[in-house]
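Structural overview
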Amino acid sequence: MALADEIAAWLGQEIDRVGAQGAAVGLSGGIDSAVVAGLAARGLGPERVQGLIMPIHSQARDVEDARLAAEAFGIPAQTIDLGPVYDLLLTLLPKGTPLAEANLKPRLRMLTLYFIANNRDLVVVGTGNRSELMVGYFTKYGDGGVDLLPLGSLLKRDVYEVARAIGVPQRIIERPPSAGLWAGQTDEAEMGVSYADLDQILAALAQGSTDGLEPQTVAKVQRMIAASEHKRHTPPIFQPGERP
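We now turn to the structure provided with this report. (Residues numbered from 1 in each chain as written. Predicted model: local features only at pLDDT ≥ 70, side-chain atom pairs only at ≥ 80, totals over all residues. Heavy atoms only, no water.)

1. Re the overall build of the protein chain
Heads up, the condition is: In this text, helices come from DSSP runs of H or I with a minimum length of four residues, and strands from runs of E with a minimum of two, each type numbered from the N-terminal end. For the radius of gyration, the atom set is restricted to C-alpha positions; the globular benchmark scales as 2.2 Å times the number of residues to the power 0.38. Only protein chains enter the accessibility calculation, which uses a 1.4 Å probe. A residue is then buried if its area is under 20% of the maximum for its type, exposed if over 50%, and partly exposed in between. Per-residue accessibility takes into account occlusion by the displayed protein chains alone, with areas from the Shrake-Rupley method and a 1.4 Å probe. We treat Lys and Arg as the positive residues and Asp and Glu as the negative residues; His and chain ends play no part in the count. The atoms used to mark charge sites are NZ of Lys, CZ of Arg, CG of Asp and CD of Glu.
Along its length, the protein chain carries 11 helices and four strands. For 244 residues, the compact-globule formula gives about 18 Å, and the C-alpha radius of gyration of the protein chain, at 18 Å, lands near that figure. The principal-axis extent of the C-alpha atoms belonging to the protein chain is close to 50 × 45 × 45 Å. Considering the protein chain as a whole, with its 244 residues, one finds that 46% of them fall into the buried category. In the structure as shown, the protein chain presents an accessible area of about 12,400 Å², 55% of it carried by carbon and sulfur atoms. Taking the 22 positively charged and 29 negatively charged side chains of the protein chain as two groups, their mean positions are separated by 4 Å.

2. A closer look at the sheet that holds strand β4 (residues 122-124)
As a reminder of what qualifies: Only when DSSP finds a minimum of two bridges between them are two strands counted as paired. Angles here are taken between N-to-C directions and fall from 0 to 180 degrees, while the axes themselves are lines fitted to C-alpha atoms, restricted in helices to the stretch in contact. By definition, residues are in contact when any of their heavy atoms lie within 4.5 Å.
The strand order across the open sheet formed by four strands is β3-β2-β1-β4, and the pairing between neighbours is parallel. Each edge of the sheet is formed by a strand with only one pairing partner; in this case those strands are β3 (77-79) and β4. Going from strand to strand, the sheet's axes swing by 30° on average, the running direction of each strand aside. Judged from the three bridges that link them, strand β1 (residues 22-26) and β4 form a sheet pairing that is parallel. Looking at the pairing, G22 lines up with L122 of β4. Along the sheet, helix α2 (residues 31-44) makes contact with β1 and β2 (49-53), crossing β1 at roughly 170°. Packing of helix α5 (residues 98-120) onto the sheet brings it into contact with β1, β2, β3 and β4, and relative to β4 it is tilted by some 155°.

3. Side note on unusual backbone geometry
For H57, which is not glycine, the phi torsion reads 55° and is therefore positive. Non-glycine residue D121 carries a positive phi angle of around 60°.

4. Details of the environment of S209
This is how the line gets drawn: Polar contacts, as used here, are pairs of N or O atoms within 3.5 Å; protein pairs need one atom able to donate a hydrogen and one able to accept it. Residues neighboring in sequence count only if both atoms are side-chain atoms.
Note that S209 resides in the loop between α10 (195-207) and α11 (215-227). Within polar-contact distance, the side chain of S209 engages the side chain of D211 at 3.4 Å.

5. Quick notes on the side chain of N129
Secondary-structure assignment places N129 in the loop between β4 and α6 (130-135). On the accessibility criterion, N129 (0% relative accessible area) is buried. From its side chain, N129 meets the backbone nitrogen of E132 in a polar contact 3.0 Å long. Aside from chain neighbours lying at most four places away, what touches N129 is D32, L151, G152, L154, K156 and V159.

6. Topic: the nonpolar core
We count it as follows: Side-chain atoms within 4.5 Å link the members of a nonpolar core, which is a set of buried Ala, Val, Leu, Ile, Met, Phe, Trp, Tyr and Cys residues.
Counting residues in each nonpolar core, the largest one holds 38 residues, and the members touching the most others are V35, L39, V125 and V168. Among the elements of the structure, α1 (2-17), β1, α2, β2, α3 (60-73), α7 (156-166) and α8 (170-174) are those that each provide at least two residues to this core. Ranked by the residues each element gives to this core, the list is headed by α2, at nine residues. Contacts of L39, omitting those with residues within four sequence positions, involve A4, I7, A8, L11, L151, V162 and I166. L155, M191, V193 and L213 belong to the second-largest nonpolar core, a separate cluster that totals 16 residues.

7. Focus on the side chain of D199
Put simply, the test is: Whenever Lys or Arg places a side-chain nitrogen within 4 Å of a carboxyl oxygen from Asp or Glu, that contact is recorded as a salt bridge.
Checked against the element boundaries, D199 lands in helix α10. Here D199 is buried and forms no salt bridge, its nearest opposite-charge partner R157 lying at an N-O distance of 4.7 Å. In contact with D199, other than residues within four places in its own chain, are S131, L155, K156 and R157.

8. Details of α3
Selection criterion: The span you would expect from a helix comes to 1.5 Å times its residue count less one. Taking the helix axis as origin, the arc is that swept by the directions to the C-beta atoms.
Spanning 14 residues, α3 covers 21 Å between terminal C-alpha atoms, matching the ideal 20 Å at 1.5 Å per step. Buried within α3 are the following residues: D62, V63, D65, A66, A69, A70 and F73. Taken around the axis of α3, the buried residues stretch over an arc of 170°, which confines them to a single face. In α3, the exposed positions angled more than 90 degrees off the buried face are occupied by A60 and E71. Tucked inside the fold, the buried residues of α3 contact α2, β2, β3, α7 and α8. Once α3 ends, the next one or two residues include G74, with phi positive near 70°.

9. A look at the pattern of salt bridges
A complete count under the given rule lists 12 salt bridges for this structure. The salt bridge involving D32 is made with K156; its shortest N-O contact spans 2.7 Å. Taken together, the residues D32 in helix α2 and K156 in helix α7 connect sequence positions 124 residues apart. A residue is classified by how much of its surface remains accessible, and D32, at 10% relative accessible area, is buried. Assessed through its relative accessible area of 1%, K156 is described here as buried. Taking the shortest distance from any N to any O, the salt bridge between R175 and D65 comes out at 3.0 Å. In this pair, R175 sits in the loop between α8 and α9 (187-191) while D65 sits in helix α3, placing the two residues 110 residues apart along the sequence. Its relative accessible area of 13% is what places R175 among the buried residues. Here the salt bridges share partners, and the residues they tie into one network are R61, D62, E64, D65, R171 and R175.

Shown next as structure tokens:
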């Protein structure tokens, strides 16, 4: 597939450009991380890709599918159980909301990825796609804390096409997308919109016309885009003389 080859080549070029030894990729068991692992292996060679499986009281299938993805593309995968660290943090911090406590998980994984990357001169390659980035469906300084985003311009439907083209195991392709923040959690249920509708709306907004689409769902997506704008930019920097 031409797109897969193009992304893989880009990954190799970017990592070689900065003189790094390779890539660190967090493997969640989901389709996005499996695709990124496969593209990185294609662009760098599997020996230059370090997969990291970081369960935090995760479902057994998450770990199984993460290992399956690593095996499918021949990359080494290290498992680091962050559950005890997560539990300890919760005893030290004040009681948080369910979302605040859930967001600790991707932030702990980000810390771990960067430790391994710093230790081995690797680049942290993220797994976010355009559909999720545009509506802010990621944790700021968690799974959003990465060096490269090879899927950042791809809608979720495009990710599935690449997955089939590069040989992501069917078991992973068929599983409902989930961030794994809590038992039974799915992306679509949490966002309140299906990926099919989201992709259609994002594509229509990019083309400048949403004619024929359900107005309430379009408005919902537009609100999500506006509310998450800060996630897609580095923090504003004060500049003297710019105050109103």
